[in-house]
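Survey of secondary and tertiary structure
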Amino acid sequence: MAPPSLHRGRVNLGGRLPRPQHKTLLAQAKAVLDGNWTGHFTMPSPRLYPHQWNWDAAFIAIGLAHYRPARAAQELRALFAGQWQTGMVPQIVFNPQAARPYFPGPEFWQTRRAAAAPRKPETSGITMPPVHATAALHMYRTARNAARMRESFQALFPKLLASHRYFYRFRDPAHEGLVYIRHPWESGVDNSPTWDAVLCEIDLTRVALPDYQREDLATVSSEQRPTREDYDRYVYLVDLFRQCDYNDEEIFRTCPFLVQDPMFNSLLYKATNDLVELASILNQDAGECEEWLQQSYRSFNSKLWNAETRAYDAFDLVRGRRIPVQAVTGFLPLFGGLATPEQAAALYDGLRSPSFGGPDFARFFRFPSFDVRHKAFDPRKYWRGPVWVNVDWMLYHGLKSYGYKEGAEAVRRDVFELVERFGFYEYFTPYRESTVGGLGADRFSWTAALYLDLAGEKPISERNP
Ligand code: GLC
């Protein structure tokens, strides 16, 4: 079967938008991505995020693969140019030509203190959710010229494998197949209320903080961004890493924030499976992945599954306790393929529960990023309530893979409606009644890229009648 071709307008768009409107939006999505292209990589958004970000690059490449496959492969190459000798893929690869100031920039991170960090390009000193092998496999499957895409991945493969090795070597000290994150920025969901109970253990009245100046508030209203206290704690952790010269063992010994997160581990598990599949497509060896996969599956379901609430929790490694709050990230084992059919059914119930806007979603777009009935829910503040398209994209695929076709199609429809009504924003109001629904940065790359990709998906009911 020929892969969908967006730029020739042959694609079956499904959803509820009339075709001409979809066509306009597809053109606009490409204009967003092309406008954010620097010549080497794509910025997440030109004003707020003028450098290259780790998981953004993967989502962006997925969109680019539909109409600029060479650029899609370059997107991943540019990111991996910042890979550390330990194998870690950094959260940010800095662009020396950035036209806008950004905090924290390379002078704040000071990663030249780390023996393993590249001198050029400069990078930040933490990582992010590893979705790159997943993106590469997806790109291979959607590419019009799969053979050419496969060739472009030959040189990338050993770097992908090294990035997975990094996690199991440096982030899984008990060798249980579960990795920890050491900063909320590593989670990808920076100010999710999931981290509140851990972060509040950092007593701001007792720690010395370096001077710093935020840049984000010059672009986006403070009510949509993390608070001053959040930033103080983010900065405190970066300062600690600098003092450890970014040595992984030392950070593990001293860091007050070490969390095993269900989304991060689900994405790693999925990407490891996808790496195995890529290896067979590329005729390369990924034998070492098998052991990681077996161990991860066991530990994930014994340690992070909460039989009482029938949901997955994050685990605070420093204090040895669960973090029993419900964020949308707890449903990502559906995407990771880690849930048994029974657990998947429980997760699907959870997604349709009043905590996430169900059962009929008359008032809410799918899916709020946090439990709407919890006191920490905030419909405008970043990862504390708004809807994010990358999470919806992953849940669409997760629901589809477990056979929840209607649920998957409904998520896809909601993404279309959000983009149609509000544009290509970074995040969106969870309320259908809102007239101003686009939040955070405008012209946001992954929203455009994943919209392009979802528009290229055939309606599930047609594919599997
Ligand atoms: C924000 C998001 C993060 C994203 C980055 C760049 O920090 O929380 O997930 O990667 O912006 O878009």
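Read on for an overview of the structure. (Residues numbered from 1 in each chain as written. Predicted model: local features only at pLDDT ≥ 70, side-chain atom pairs only at ≥ 80, totals over all residues. Heavy atoms only, no water.)

**Remarks on unusual backbone geometry**
The bulk of non-glycine residues show a negative phi, and the bulk of peptide bonds are trans. Where we set the bar: Helix and strand definitions here come from DSSP, where helices need a minimum of 4 consecutive H or I residues and strands a minimum of 2 consecutive E residues; each element is numbered from the N-terminal end.
Residue F103 is joined to P104 through a cis peptide bond whose omega torsion reads -5°. Residue P121 follows K120 across a cis peptide bond; omega there is -5°. Here P121 shows up in the loop between helix 4 (106–109) and helix 5 (132–142). Even without a glycine there, the phi angle at D245 is positive, about 50°. Here D245 is to be found in the loop between helix 10 (228–243) and helix 11 (248–254).

**Section: the layout of surface pockets**
In plain terms, the rule: Cavities and pockets are defined on a 1 Å grid built over the protein atoms alone: a cavity is a set of grid points where a 1.4 Å probe fits but cannot escape, while a pocket is an open set with protein on both sides within 12 Å along at least five of seven lines, and lining residues are those with an atom within 4 Å of any such point. Grid points are joined across faces, edges and corners, and a volume is the space filled by probe spheres set on the points. Gly is put with the polar residues, along with every residue not named as nonpolar or charged; the nonpolar set is Ala, Val, Leu, Ile, Met, Phe, Trp, Tyr, Cys and Pro, and the charged set is Asp, Glu, Lys and Arg.
Approximately 450 Å³ is the volume attributed to the second largest pocket. Residue lining of the second largest pocket: 20 residues in total, with V93, F94, N95, P96 and P121 positioned closest to the centre. Counting residues per element, the ones that place at least two in the lining of the second largest pocket are helix 3 (69–80) and helix 4. Of the residues that constitute the lining of the second largest pocket, the class distribution is nine nonpolar, eight polar and three charged.

**Some remarks on the packing of aromatic side chains**
The criterion, for reference: A pair of aromatic rings is counted whenever rings of Phe, Tyr or Trp (Trp by its six-membered ring) have centres within 6.5 Å, and the orientation is called stacked for planes under 30 degrees apart, edge-to-face for over 60 and tilted otherwise. Only protein chains enter the accessibility calculation, which uses a 1.4 Å probe; a residue whose area is less than 20% of its type maximum is buried, one above 50% is exposed, and one in between is partly exposed. Either the NZ atom of lysine or the CZ atom of arginine qualifies as a charge over a ring when it sits within 6 Å of the ring centre and within 35 degrees of the ring normal.
Tallied over the full model, the rule gives 38 aromatic pairs. When the centroid spacing of 5.3 Å and the interplanar angle of 20° are considered together, the rings of F103 and Y212 count as stacked. Here F103 is found in the loop between strand 2 (92–93) and helix 4, whereas its partner Y212 is found in the loop between helix 9 (196–199) and helix 10, with 109 residues between them in sequence. Consider the rings of Y180 and F252, whose centres lie 5.5 Å apart with planes at 25°: the pair is stacked. Placement of Y180 in the loop between helix 7 (157–170) and helix 8 (184–187) and of F252 in helix 11 is noted, with a sequence separation of 72 residues between them. Among the residues examined, F252 registers a relative accessible area of 32% and is labelled partly exposed. Over the ring of F315 we find K303, and its NZ or CZ is 4.3 Å from the ring centre.

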